[in-house]
Amino acid sequence: MEQRGLVKWVREKMNGTKENELWLEEIIDPVMKGKCDLRNMEILVQVALECLEEDKDARPTMRQVIERLLPH
């Protein structure tokens, strides 16, 4: 799947349901199911999508990325 197609697919899954676990389960590699923290995976996916924004001003800085990915 082409990058833009993959990004569009993930965004559609993410926006298509209010239950986080459902869309995450659909996009996570089957090998990873049950082996990762879904809350952390959700943050990772959200940050990755923000980093792919067309408008460079809409993308997070590296500092923001690191802050979001560090454990709280």
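Residues numbered from 1 in each chain as written. Predicted model: local features only at pLDDT ≥ 70, side-chain atom pairs only at ≥ 80, totals over all residues. Heavy atoms only, no water.

J.: Explain the overall build of the protein chain here, please?
T.: On a plain count of helices and strands, the protein chain comes out with 4 helices and 0 strands. The helix and strand sequence of the protein chain, counted from the amino end, reads α-α-α-α. The buried share of the protein chain, reckoned over its 72 residues, is 18%. Sequence separation of at least 24 residues holds for 27% of the intrachain contacts in the protein chain that already meet a minimum separation of 6. Accessible area for the protein chain stands at about 5,800 Å²; split by element, carbon and sulfur atoms hold 54% of it. (Helix = DSSP H or I, 4+ residues; strand = E, 2+ residues; numbered from the N terminus. Buried < 20%, exposed > 50% of the residue type's maximum accessible area, 1.4 Å probe, protein only. Contact = heavy atoms within 4.5 Å. Areas by Shrake-Rupley, 256 points an atom, 1.4 Å probe, with all protein chains shown as cover.)

J.: Just to check I follow, could you spell out the nonpolar core for this structure?
T.: As a rule of thumb, nonpolar side chains are buried together in soluble globular proteins. Grouped together as the largest cluster of nonpolar side chains are 8 residues: Val-7, Val-10, Trp-23, Leu-24, Ile-28, Met-41, Val-45 and Leu-49. Secondary-structure elements contributing two or more residues to this core are helix 1 (3-16), helix 2 (20-27) and helix 3 (38-51). No other element matches helix 3, which puts 3 residues into this core. Other than its neighbours up to four places away in sequence, Val-45 contacts Val-10, Trp-23, Leu-24 and Ile-27. (Core = buried A, V, L, I, M, F, W, Y, C linked by side-chain atoms within 4.5 Å.)

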